[in-house]
Amino acid sequence: METQPLTAPPVILEKILQFLIPPAARETVVGDLREIYRGPSQYMTEALGTVPLVILSCAIRAANLPLLLLQGGLIYFCLVDLGAPSWHLGPVQAALATAAALTGLILCETYRRTGRPTVQRSIIDAILIAIVIIAFCPETLGRLNARAAGTPDFQMALQFVMLLPLAIPLLGVLRTLLIMQGDRELEDFGDHHDDAALSQSYPAFLRHMRLGLLWEALALLFFAVVGQVVLHIGLWFLSLCALVAGFLALISHVEPCTIRNAFALRAEYRRLFLHRQQSRRFLSWLWAAPVLTVIYENLIQAGLSTGRGVLVMIGSAALIAICFLIGSINRECAGRTQEKIGLLERRG
Amino acid sequence: MAPQTAIGQFEQVVLAAILSLNDGAYGVTIHAKVEALSGTRKVARGAVYATLDRMEDKRLISSWLSDPIKERGGRSRRYYRLEKSGARALQESAQTARRIYETIAQSWKGGAWKPNR
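Described below are features of the structure shown in this document. (Residues numbered from 1 in each chain as written. Chains lettered and ligands numbered in written order. Predicted model: local features only at pLDDT ≥ 70, side-chain atom pairs only at ≥ 80, totals over all residues.)

### Details of the overall build of chain A
Per the secondary structure count, chain A includes twelve helices and zero strands. Put simply, chain A runs from its N terminus to its C terminus through helices and strands in the order α-α-α-α-α-α-α-α-α-α-α-α. Buried positions account for 28% of the 348 residues belonging to chain A. By sequence separation, contacts in chain A at least 24 residues apart represent 76% of the contacts at least 6 residues apart. (Helix = DSSP H or I, 4+ residues; strand = E, 2+ residues; numbered from the N terminus. Buried ≥ 20, exposed ≤ 12 C-beta atoms within 10 Å, placed from the backbone. Contact = placed C-beta atoms within 7 Å.)

Right, dumping it as structure tokens:
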């Protein structure tokens, strides 16, 4: 029987430590603690003096303050402005809920995986989300249409429920396409990013990033005005978009730092990748916010007030599917960024 | 010239440790060196990691991962090196410390004070 070498900590202790330490620092810190292992009690003492500060440090590093404030704004206004009269939140309740959501976001960011989700995980996600839709819709149908059996609405709702299982392969295919695109992108990055190529492409990379940010700022402003005029989303959306556009314009004008060596250049690329990914994730939700708002107001709220279950069902299914897609795209892109960062870190 | 980054006392000690360790500066060796430089004071390992993270964000140091090492359970070491701005900040701190030392020595000349070695 194979035995554990005496110089290694007990497997269970190491597993607990691996679970507690955020992925960004896991390999280094767990490896260092194993290297100095002298016994279980010494290991635990060292871990107790290390883990809390490492978690705190990773959380501080992961938190992007301006972006968090904007995310807080988006969540707060969605909570205050939307919502049915039955569960409408007051300003204080909404602020507390926003604070809780932001804490959750910081924790998610701190414990973000350092790789892309696996294919198995993607398939499980698609199945779970489809099950949620399938389980939720008949429930709504039962509640709202108890008196409407036999009406055209009821028939339509039934047909809709029967079509729902098709969502599983559809969501799975979309997710697979995302994974394939990610594979191609990473292969390309791995082939063409040695020190010389990185140094050469740095000015172009910065220029491209700045232009992208400026274009997105302009597009956001335009979208916010159109959203206000055509969709009547609310002044909060216009103000938030203007704030975000200002933020994007501001970060697009940050001067490039002077890079003196390959280590500093790789560190700079890592920083830029990470910041871009954090903004990208928030922006994808901001772009989707008006669509989600329109679906909510015109289908779910309208369906609830008129007692038409089919509208609530279609609206709910659309909301869940859109949220799933945005979440998938964000997870995939974040994973890609983390893998690029990993490649850059290992080229020392 | 790039603006000077202000660094605290603990950061000075960590920077000095990285400087003295050359290419061998990673978590374990940096912590050992920091404890040696701090005298009798015990230094929490987590404080060293947090300081390294902070200084990397300030662009005073940079890091990279080694190849996986068997003795660490196949995990890599994260090595650190001083950047130009880090070296400059350390130099400035050393000059300030020297000026303080000279001022104290001058004020207390006559053998009333001898710094511990």
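### A closer look at the overall build of chain B
Summing up its helical and strand segments, chain B has four helices and two strands in all. Each helix and strand of chain B, ordered N terminal to C terminal, gives the series α-α-α-β-β-α. When burial is assessed residue by residue, chain B has 34% of its 117 residues classed as buried. A sequence separation of at least 24 residues applies to 49% of the contacts in chain B between residues at least 6 apart.

### Focus on the packing of helix 1 (residues 9-21) of chain B against helix 3 (residues 45-57) of chain B
All names here are of chain B. With their axes 10 Å apart at the nearest point, helix 1 and helix 3 run at an angle of 90° to one another. Considered as vectors, helix 1 and helix 3 are oriented roughly perpendicular to each other. Contacts between helix 1 and helix 3 involve F10, E11 and V14 from the first element and V48, T51, L52 and M55 from the second. Grouping the amino acids of the contact of helix 1 with helix 3 by side-chain chemistry returns five nonpolar, one polar and one charged. (Axes fitted to C-alpha atoms, helices over the stretch in contact; angles between N-to-C directions. Parallel < 35°, antiparallel > 145°, perpendicular 65-115°, else oblique. Nonpolar A, V, L, I, M, F, W, Y, C, P; charged D, E, K, R; others polar.)

### Some details on the interface of chain B and chain A
Taken together, the 25 residues of chain B in the interface contact 29 residues of chain A. Elements with a contribution of two residues or more to the side of chain B that touches chain A: helix 2 (27-37), helix 3, strand 1 (61-65) and strand 2 (78-82) of chain B. Counting residues per element, the side of chain B that touches chain A draws most heavily on helix 3 of chain B, at seven residues. A breakdown of the residues in the side of chain B that touches chain A according to their chemical character gives eight nonpolar, five polar and twelve charged.

### Remarks on the environment of P22(A)
All names here are of chain A. Note on placement: P22 falls in the loop between helix 1 (11-20) and helix 2 (23-35). Residue P22 is classed as buried on the basis of its C-beta count, with 21 C-beta atoms lying within 10 Å. In the structure, P22 is positioned 33 residues away from I55 in sequence and 6.4 Å away in space, judged by C-alpha atoms.

### Points about the nonpolar core
One finds V14(B), I18(B), I30(B) and Y80(B) to be the most contacted residues of the largest nonpolar core, which totals 34 residues. For this core, the elements supplying multiple residues, two or more each, are helix 2 and helix 3 (40-62) of chain A together with helix 1, helix 2, helix 3, strand 2 and helix 4 (84-107) of chain B. Residues L74(A), L79(A), L220(A) and F237(A) belong to the second largest nonpolar core, which totals 20 residues. (Core = buried A, V, L, I, M, F, W, Y, C linked by C-beta atoms within 7 Å.)

### Focus: the environment of G72(A)
Residue position: G72(A) is located in helix 4 (residues 65-81). Residues G72(A) and I326(A), spaced 254 residues apart in sequence, show a C-alpha to C-alpha distance of 18 Å.

### Description of unusual backbone geometry
Residues and elements named next belong to chain B. Despite not being glycine, N22 has its phi angle at roughly 55°, a positive value. One non-glycine residue with positive phi stands out, namely R59, at about 65°. With respect to the helices and strands, R59 occurs in the loop between helix 3 and strand 1. Note on R59: 18 C-beta atoms within 10 Å, which makes it partly exposed.

### A look at the environment of Q93(A)
Residues and elements named next belong to chain A. You can see Q93 is positioned in helix 5 (residues 91-110). The class for Q93 is partly exposed, based on 13 C-beta atoms found within 10 Å. Taking C-alpha positions, Q93 is 17 Å from L69, a pair spaced 24 residues apart along the chain.

### Points about the packing of helix 1 of chain A against helix 3 of chain A
All names here are of chain A. One can describe the packing of helix 1 onto helix 3 by two numbers: an axis separation of 11 Å at closest approach and a directional angle of 5°. Classed by the angle they form, the pair helix 1 and helix 3 counts as roughly parallel. Of the residues in helix 3, those touching helix 1 at L13, L17 and L20 are P40, Y43, M44, A47 and V51. Here the residues of the contact of helix 1 with helix 3 sort into eight nonpolar, no polar and no charged.

### What to know about helix 2 of chain B
Of all the positions in helix 2 of chain B, only G27(B), I30(B), H31(B), K33(B) and V34(B) are classed as buried. Projection of helix 2 of chain B onto a plane perpendicular to its axis shows the buried side chains occupying an angular sector of 165°, all on one side. (Arc of directions from axis to C-beta.)

### Observations concerning helix 9 (residues 195-231) of chain A
Residues and elements named next belong to chain A. Within helix 9, the axis deviates most sharply at Y202, by approximately 45°, and proline P203 lies no more than four positions further along. Of the positions making up helix 9, those classed as buried are L213, E216, A217, L220, A224 and G227. If you follow the buried residues of helix 9, they end up packed against helix 10 (235-251) and helix 11 (262-306). In the stretch just after helix 9, H232 is the one whose phi turns positive, near 50°. (Bend = angle between axes of the 7 residues up to and from the residue.)

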